[in-house]
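The residues making up each chain are set out below.
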Amino acid sequence: MFTLDNVTKVYRRRGQDVVALQVPSLAIQRGAYVAMVGASGSGKTTLLSMLGGMLTPTTGTIKVDGISLYDLSVTERAQFRCERIGFVFQTFNLVPYLTALENVELALYLAKVTGQEQRQRATQVLERIGLGARLDHKPCELSTGQQQRVALARTLANDPAIVLADEPTGNLDPESRGCVLDFFDELHREGRTIVMVTHDAVAAKRAHESFRLAQGKVLAVQLADSRAA
């Protein structure tokens with residue numbers, strides 16, 4: 001699925017080069033469920049953004065199923081993301097004046113799905129995650145956990161093969177966290193590839209592999225029976 005070769009990200013700050021990420025090689029297999037853990041500033045979100053085609057590496061190549069992601073044009077890369085990758089963020093990024101249904105429909109509109117199909121698919125995915133009775137509610141009328149589920153529904157509306165999640169449980173109470181993680185388990189059983197950045201020990205233990213990052217380097221890859229938070 002993902003293969004990284006000699007990938008670095010270097011920023012220029014106050015006249016000096018700062019190496020934010022340095023990954024000689026890394027592979028994430030199709031259908032994997034991976035947690036990327038490490039302290040703040042370790043490079044987790046930088047790496048996730050690169051995997052999602054949102055941050056060009058300074059050097060190296062990132063391939064998805066053999067396609068060199070950053071050899072695509074900006075337009076081609078945007079289309080690739082739209083068709084193949086779903087994003088889940090800690091801050092949800094819902095449009096406050098749109099209903100739950102309209103927030104999900106917006107993702108389908110951007111993917112050029114026709115109006116009637118937008119409504120049908122958005123309704124189905126919201127019902128799937130238990131929000132069938134909240135279709136007409138705006139974000140301010142929903143709990144934090146319900147807002148995260150709307151964000152998940154929006155992510156899944158285009159049926160992505162890959163889900164990239166940045167601290168998806170960071171703002172959630174334990175019950176809502178459990179619901180979101182149960183849903184991630186379900187998505188993984190369906191064969192989707194999930195890569196999750198997290199500080200949450202409970203969330204990290206649900207993954208089948210953990211990549212530990214420190215100072216921009218991948219220090220360890222741990223499998224299910226020995227994974228660490």
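This structure is a prediction, so every number in the text was calculated from the model and none was measured.

What counts as what
- Residues numbered from 1 in each chain as written.
- Predicted model: local features only at pLDDT ≥ 70, side-chain atom pairs only at ≥ 80, totals over all residues.
- Heavy atoms only, no water.
- Helix = DSSP H or I, 4+ residues; strand = E, 2+ residues; numbered from the N terminus.
- Rg over C-alpha atoms; globule rule 2.2 N^0.38 Å.
- Buried < 20%, exposed > 50% of the residue type's maximum accessible area, 1.4 Å probe, protein only.
- Contact = heavy atoms within 4.5 Å.
- Areas by Shrake-Rupley, 256 points an atom, 1.4 Å probe, with all protein chains shown as cover.
- Lys, Arg positive; Asp, Glu negative; His and termini not counted.
- Charge placed at Lys NZ, Arg CZ, Asp CG, Glu CD.
- Pairing = 2+ DSSP bridges.
- Right-handed = clockwise from strand over helix to strand, strands pointing away.
- Polar contact = N/O pair within 3.5 Å; in protein donor to acceptor, adjacent residues only side chain to side chain.
- Core = buried A, V, L, I, M, F, W, Y, C linked by side-chain atoms within 4.5 Å.

### Considering the overall build of the chain
- For the chain, the helix and strand inventory stands at seven helices and ten strands.
- Computed over C-alpha atoms, the radius of gyration of the chain comes to 18 Å, within 12% of the 17 Å expected from 2.2 N^0.38 for 229 residues, which places it in the range of a compact globule.
- For the chain, with 229 residues in total, the buried portion stands at 48%.
- Sequence-distant contacts, at least 24 apart, represent 65% of the contacts inside the chain between residues at least 6 apart.
- Accessible surface, the chain as shown: approximately 11100 Å² in total, 48% of it carbon and sulfur.
- With 26 positive and 24 negative side-chain charges, the chain shows a separation of 6 Å between the mean positions of the two kinds.

### Focus on the pairing of strand β7 (residues 162-166)
- The buried count for β7 comes to five of five residues, which makes it a mostly enclosed element.
- On β7, burial covers both faces: I162, L164 and D166 on one face and V163 and A165 on the other are all buried.
- Note that strand β6 (residues 85-89) and β7 share five bridges and pair parallel. When the sheet's bridge partners are listed, F89 is paired in β7 with D166.
- Two strands pair when backbone bridges link them, and β7 and strand β8 (residues 193-197) are joined in this way by five bridges, in the parallel orientation. In the sheet register, L164 faces β8, and the bridge partner there is V195.
- Note that the unit made of β7, helix α6 (residues 174-189) and β8 has a crossover that is right-handed.

### Thoughts on unusual backbone geometry
- We note that D65 has phi near 50°; this positive angle belongs to a residue other than glycine.
- With respect to the helices, strands and loops of the structure, D65 is situated in the loop between β4 (59-64) and β5 (67-68).
- For D65, a relative accessible area of 33% gives the class partly exposed.
- If you check the backbone angles, Q215 has positive phi at about 50° while not being a glycine.
- Residue position: Q215 is located in the loop between β9 (209-214) and β10 (217-223).
- On the accessibility criterion, Q215 (73% relative accessible area) is exposed.

### Structural notes on the side chain of N103
- Here N103 lies in helix α3 (residues 100-110).
- Residue class for N103 comes out buried when judged on its relative accessible area of 1%.
- Only 2.8 Å separates the side chain of N103 from the backbone nitrogen of V95, close enough to count as a polar contact.
- In contact with N103, other than residues within four places in its own chain, are L94, V95, L98, P139, V150 and R154.

### Here we look at the nonpolar core
- Within the largest apolar cluster, 37 residues are counted, with the highest numbers of intra-cluster contacts made by Y33, V104, L126, V150, F184 and M196.
- Among the elements of the structure, β3 (33-37), α3, α4 (115-128), α5 (144-156), β7, α6, β8 and α7 (201-206) are those that each provide at least two residues to this core.
- Those residues in contact with F184, other than ones at most four positions away along the chain, are Y33, V88, L152, A165, P168, I194 and M196.
- Within the second largest apolar cluster, 28 residues are counted, among which are V7, L47, V64 and L69.

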